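Architecture and fold: a report
Below are the chains, spelled out letter by letter.
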Amino acid sequence: MNTLKNIYILIIVLLVNTSAFATKYYVNVETGKDINNGTSIETPWKSLKKVSTKNFKPGDQILLASGQEFFGFLKLNNQSGKKSKPIVISSYPNNNNNKNPIINAKGFLNGILLNNCSHIKIEGLTVTANGGNKPNWQKKGMRCGVLVTTSKAGVYQNITLENLEVKDIFYENTGFKRGAKEVKTANGTQSYGWGIRFITKSKDALIKNVLIKSCTVSNVAHTGIKLKGKLEGLKIINNEVFKTGGPGIQFSLVEDAHVKGNSVNYSGSKDDSRKWGRGSGIWTWGCTNAIIEHNSFRNANGPADSAGCHIDFNCSNIIVQCNVSENNAGGFCEILGNNWNCAYRYNVSINDGHRVKKKGVAFQEGKIYWLSGFVGKDRKRNGPYNSYFYNNTIYVKSDIIAKMAVAKVAEGALLANNIFYIEGQSKAVLGDQYQPQKEDASDLKNIIFKNNLFLKAENWPKQVAIQDEAPIFGNPQFVNAGGKDIKDYTPTNTQLIKNKGIEIPHIPNDKKGIFIGIKVEKDILGNKIIGLPDMGAIELN
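1. Focus: the overall build of the protein chain
The number of helices and strands found in the protein chain is three helices and 38 strands. Rg of the C-alpha trace for the protein chain: 26 Å, near the compact-globule value of 24 Å for 541 residues, within the 12% margin. Taking the principal axes of its C-alpha atoms as reference, the protein chain extends roughly 95 × 60 × 45 Å. Here the protein chain, with 541 residues, has 57% of them falling under the buried criterion. By sequence separation, contacts in the protein chain at least 24 residues apart represent 75% of the contacts at least 6 residues apart.

This is the structure in structure tokens:
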């Protein structure tokens, strides 16, 4: 009896251990067959369609052969790994070829689709989807390189996208031309291609802990990286995003986000007639607690918005710090209505806001500094509230008119320790979002505007509703005024800069301040701030 009992125990242990083992599944278009078991390099599967029919266990790996092109799309539906054992989609070396496997989803709606999934990691793949035949049931819609979505209530978590290349994502075929009015719509009304997109479609669904790291997203019809819905715990780290027809990065209704070390260039591109042709480097809407730092936003284009980084309405605690913003048509600082306790600090802005309002070309002026009460078309404007703007360095070359606008409904603002190096003219303009505010007298409440350095007195127009009560005038003597690097804007006039900043106070009647603290320990270059801060974004040590 004891022997038989021991045999039963041994069988149970073996079954438990076997079920706990993770499996590697190989996919190879040249040597594979979908009737294979897929569990070895010698017996791989052939198609993505086969992968999409399989239910995987925690720790399983789906490995595509390097250097090969896989036509179709890969879908995981209602699947989950574990936090310590995610399901991994990656590659394996093939014939000494270490190039990324390519998923070519031309003619399909998505290259990779995760629906109702948790604990998934996707890495080391290239995804493209350049037009193709539309699904016969689909007259218009969106095509995504990678789409993560939900279709039912639940908490979905730990989705990691790392070292992906997502490129050439278009819904329409080459040669399609958008109507001239399309770029004037809020986000576009036609069919587009998107790079990486997260959407929670069910109101009772939550996606937690998303990491998008070291990915490259390029040449897509609309937004490069977009997240919308109920999401918590977002990290977008060290990605390159360029030549997107819409914004480079955009997220809405997200709580607790960290966006760091990304390079966004040529957002709002119109080098392909299928692109939208409008977009900021990054913008947020309806978000809470986000830190956007140590990124570069360059060459944003479009007839409206298209700033380096702008904070759209209904946000709170969005901190834009230690970024470089260069040659963005829409401008540098843009804070719309019903935003609370947002800040721009220790950033360097170079030749931002060069766009000129002109019928048929652009319907918004570009601006260096804009506080707007806009909260949606035909809605009563309010705010923004308690906007902090300090220790930024702003350079504008002589052939750009630097423009500023402050809405009469704005309440609570601090501007201090900034350097405004404006070589040419400056101009006050109206906040022109659909219905420009009327120009009249206003008495803004709770304003601290003092101790800013201006190259010359006319750098801040007298027509702007708020004025510096204690301005400083002089030349900071940058290392290389007009350069594109942060270090070019290191001041050498130490007598004018060193320890000349003030300690930043709370805005009157603001009990919250900045959620990560008003005091800054390091500048944009990582230099420690000792004693009183210096003027501008770079501390002289």
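On we go.
2. Description of the pairing of strand β10 (residues 142-150)
Taking burial as the measure, the nine residues of β10 include eight buried ones, the bulk of the element. When strand β7 (residues 110-115) meets β10, the two strands line up parallel, connected through five bridges. Residue L113 lies in a different strand from β10, and its bridge partner there is L147. Relative to strand β13 (residues 192-200), β10 runs parallel, the two sharing eight bridges.

3. Re the confidence of the model for the protein chain
Looking at the protein chain, pLDDT values average 93 and 93% of them are 70 or higher. The low-confidence segment residues 12-19 (pLDDT under 50) makes one contact with residues lying over four places distant or belonging to another chain.

4. Let's talk about the nonpolar core
Membership of the largest hydrophobic core comes to 92 residues, with the highest contact counts inside it found for L161, F198, F251, Y369 and W460. Setting aside its immediate chain neighbours within four residues, L161 contacts I122, V146, I196, F198, L211, I212, K213 and C215. Counting 31 residues, the second-largest nonpolar core is a separate cluster that includes I319, A343, L453 and I524.

5. Here we look at unusual backbone geometry
Residue P384 follows G383 across a cis peptide bond; omega there is 0°. Its place among the elements puts P384 in the loop between β29 (367-371) and β30 (385-390). Positive phi is not limited to glycine here, since N158 has a value of about 60°. Summarising the element assignment, N158 is placed in strand β11 (residues 154-162). For N158, a relative accessible area of 18% translates into the label buried. With a phi angle near 60°, S306 is a residue other than glycine that sits in the positive phi range. Look at S306 and you get buried, because its relative accessible area is 0%.

6. Some words on the environment of N351
With respect to the helices and strands, N351 occurs in the loop between β28 (348-350) and β29. Of the residues examined, N351 reaches a relative accessible area of 9% and is grouped as buried. Linking N351 and I237, residues 114 residues apart in sequence, is a C-alpha distance of 26 Å. When neighbours within four sequence positions are excluded, N351 is seen to be in contact with N327, N328, Y395, V396, K397 and I400. Looking at N351, its side chain comes within polar contact range of the main-chain nitrogen of K397, at 2.8 Å.

7. Quick word on the pattern of salt bridges
For the structure on display, the rule yields 11 salt bridges. Note that D271 is salt-bridged to K275, the shortest N-O span being 2.7 Å. Using a relative accessible area of 4% as the deciding quantity, one classes K275 as buried. Here D534 and K498 are joined by a salt bridge, their closest N and O atoms 3.8 Å apart. With a gap of 36 residues between them, D534 in the segment after α3 (494-497) and K498 in the segment after α3 connect regions that are remote in the sequence. A single salt-bridge network, built from bridges that share partners, covers K121, E123 and E162.

8. Overview of the side chain of E182
Within the secondary structure layout, E182 lies in the loop between β12 (165-170) and β13. Despite its burial, E182 remains without a salt bridge, the nearest opposite charge being carried by R178 at 5.2 Å. Engagement of the side chain of E182 in a polar contact is seen with the side chain of Y192, the distance being 2.8 Å. Aside from chain neighbours lying at most four places away, what touches E182 is G188, T189, Q190, Y192 and W276.

9. Looking at the packing of aromatic side chains
Within this structure, the stated rule accounts for 20 aromatic pairs. Aromatic pair Y421 and F478: ring centres 5.0 Å apart, planes at 40°, arrangement tilted. Note that Y421 is positioned in strand β34 (residues 419-422) and F478 in the loop between β38 (472-473) and α3, a separation of 57 residues in sequence. By relative accessible area, which is 10% here, F478 ends up buried. On the numbers, 5.0 Å between centres and 75° between planes, the contact of F449 with W460 is edge-to-face. Of the two residues, F449 is situated in strand β36 (residues 447-449) and W460 in the loop between β37 (453-454) and β38; the sequence distance between them amounts to 11 residues.

10. Things to note about the pairing of strand β18 (residues 249-260)
Every regular strand shows the same layout, with side chains that alternate between the two sheet faces. Here strand β16 (residues 225-237) pairs with β18 via 10 bridges, running parallel. In the sheet register, I225 faces β18, and the bridge partner there is I249. Bridge count for β18 against strand β20 (residues 282-285) is four bridges, and the pairing is parallel. Residue pairing for β20: I249 is matched across the bridge by I282. By the bridge criterion, five bridges tie β18 to strand β21 (residues 288-293) in an arrangement that is parallel.

Reading the values: rules and limits
- Residues numbered from 1 in each chain as written.
- Predicted model: local features only at pLDDT ≥ 70, side-chain atom pairs only at ≥ 80, totals over all residues.
- Heavy atoms only, no water.
- Helix = DSSP H or I, 4+ residues; strand = E, 2+ residues; numbered from the N terminus.
- Rg over C-alpha atoms; globule rule 2.2 N^0.38 Å.
- Buried < 20%, exposed > 50% of the residue type's maximum accessible area, 1.4 Å probe, protein only.
- Contact = heavy atoms within 4.5 Å.
- Pairing = 2+ DSSP bridges.
- pLDDT = per-residue confidence, 0-100.
- Core = buried A, V, L, I, M, F, W, Y, C linked by side-chain atoms within 4.5 Å.
- Polar contact = N/O pair within 3.5 Å; in protein donor to acceptor, adjacent residues only side chain to side chain.
- Salt bridge = Lys/Arg side-chain N within 4 Å of Asp/Glu carboxyl O.
- Lys, Arg positive; Asp, Glu negative; His and termini not counted.
- Phe/Tyr/Trp six-rings, centres within 6.5 Å; stacked < 30°, edge-to-face > 60°.

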